[in-house]
Amino acid sequence: MSTPTPTAAPTVRPLATGEAEALIEAAVRAADGLGVKGSVTVLDAGGHLLGFRRDDSAVLISGETSTRKAYTALQLDAPTADLVDLVRPDGLFHTLPTALDRPLLFLAGGVPLHRDGRLIGALGFGGGAPEQDHRIVTAATAEADLV
């Protein structure tokens, strides 16, 4: 009896620096279209910073919020807009923000990035209202085809 040869998992190309730059540019265009000044963060699949930009007139905290939104979307593999209700006092994950020593932020504006169905990174935007930040990142990911 022969032993079956194991098949390797399909290789998925990681998020590249050029793609991070294109995502940042797309997010800036979307933000400009809404009249929003803010910060945009791109993380790779390991949660490492791959790209960042803060508009000169953005509030300083937008840099932190964009990064935390991206990190939250990456760790939970879900848009942060979909997680907001889960951390309310009656939500399933209501203790999660305080139970972990991680920079999670449950505000709309972070989305995971996928290629061929595999998680390859995340994008976050901070600086506008949560609904605006969500529109900005979804527009940028749609343009880059990394939904």
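Quick note: structure is the one above.
Calculation notes
- Residues numbered from 1 in each chain as written.
- Predicted model: local features only at pLDDT ≥ 70, side-chain atom pairs only at ≥ 80, totals over all residues.
- Heavy atoms only, no water.
- Helix = DSSP H or I, 4+ residues; strand = E, 2+ residues; numbered from the N terminus.
- Buried < 20%, exposed > 50% of the residue type's maximum accessible area, 1.4 Å probe, protein only.
- Contact = heavy atoms within 4.5 Å.
- Pairing = 2+ DSSP bridges.
- Axes fitted to C-alpha atoms, helices over the stretch in contact; angles between N-to-C directions.
- Parallel < 35°, antiparallel > 145°, perpendicular 65-115°, else oblique.
- Left-handed = near helix turned anticlockwise from the far one by under 90°.
- Nonpolar A, V, L, I, M, F, W, Y, C, P; charged D, E, K, R; others polar.
- Core = buried A, V, L, I, M, F, W, Y, C linked by side-chain atoms within 4.5 Å.
- Expected span 1.5 Å × (residues − 1).
- Arc of directions from axis to C-beta.

Undergrad: Now, about the overall build of the protein chain: what can you tell me, with residues and values included?
TA: Within the protein chain, the secondary structure is distributed over four helices and four strands. The order of α-helices and β-strands along the protein chain, N terminus first, is α-β-β-α-α-β-β-α. Per-residue burial over the protein chain gives 40% buried out of 147 residues. Of all intrachain contacts in the protein chain linking residues separated by at least 6 positions in sequence, the fraction that spans at least 24 positions is 64%.

Undergrad: Outline the sheet that holds strand S2 (residues 49–54), listing residues and values.
TA: Reading across from one edge, S2-S1-S4-S3 is the order of the four strands in this open sheet, with antiparallel pairing throughout. Looking along the sheet, the strands with just one partner apiece sit at the ends: S2 and strand S3 (110–115). On average, adjacent strands in this sheet sit at an angle of 15 degrees to one another, irrespective of strand direction. Judged from the five bridges that link them, strand S1 (residues 39–44) and S2 form a sheet pairing that is antiparallel. Residue pairing for S2: Val40 is matched across the bridge by Arg53. The strands that helix H2 (residues 61–76) touches are S1, S2, S3 and strand S4 (118–126); relative to S4, the one it contacts most, it runs at about 155 degrees.

Undergrad: Residue-level account of the packing of helix H1 (residues 17–34) against helix H4 (residues 130–144), with values.
TA: How two helices sit against one another is set out by the angle between their axes and by the gap between those axes. With their axes 8 Å apart at the nearest point, H1 and H4 run at an angle of 135 degrees to one another. The angle between H1 and H4 falls in the class oblique. Where H1 crosses over H4, the handedness of that crossing is right-handed. Contacts between H1 and H4 involve Leu23, Ala26, Ala27, Arg29, Ala30, Ala31 and Leu34 on the former and, on the latter, Gln132, Arg135, Ile136, Ala139, Ala140, Thr141, Glu143 and Ala144. Here the contact of H1 with H4 is built from residues that sort into 10 nonpolar, two polar and three charged.

Undergrad: Requested: an account of the nonpolar core, with residues and values cited.
TA: Counting residues in hydrophobic clusters, the biggest one holds 21 residues, and the most contacted among them are Leu15, Leu23, Val42, Leu113, Leu123, Phe125 and Ile136. When residues of this core are traced back to their parent elements, those giving at least two are H1, S1, S3, S4 and H4. The biggest single contributor to this core is H1, with seven residues. If we skip the residues at most four places from it in the chain, Leu113 touches Leu15, Leu23, Arg118, Leu119, Ile120, Gly121, Ala122, Leu123, Thr141 and Leu146. Within the second largest apolar cluster, 11 residues are counted, among which are Leu43, Val87, Phe106 and Ala122.

Undergrad: Any chance you could break down H1 for me, citing the residues and the numbers?
TA: The first and last C-alpha atoms of H1 sit 26 Å apart over 18 residues, in line with the 26 Å expected at 1.5 Å per residue. For H1, every residue scored as buried is listed here: Glu19, Ala20, Leu23, Ile24, Ala26, Ala27, Ala30 and Ala31. Projected down its long axis, H1 carries its buried residues within an arc of 165 degrees, all on one side. Those residues of H1 hidden inside the fold are in contact with S1, S2, S3, S4 and H4. In the stretch just after H1, Gly35 is the one whose phi turns positive, near 75 degrees.

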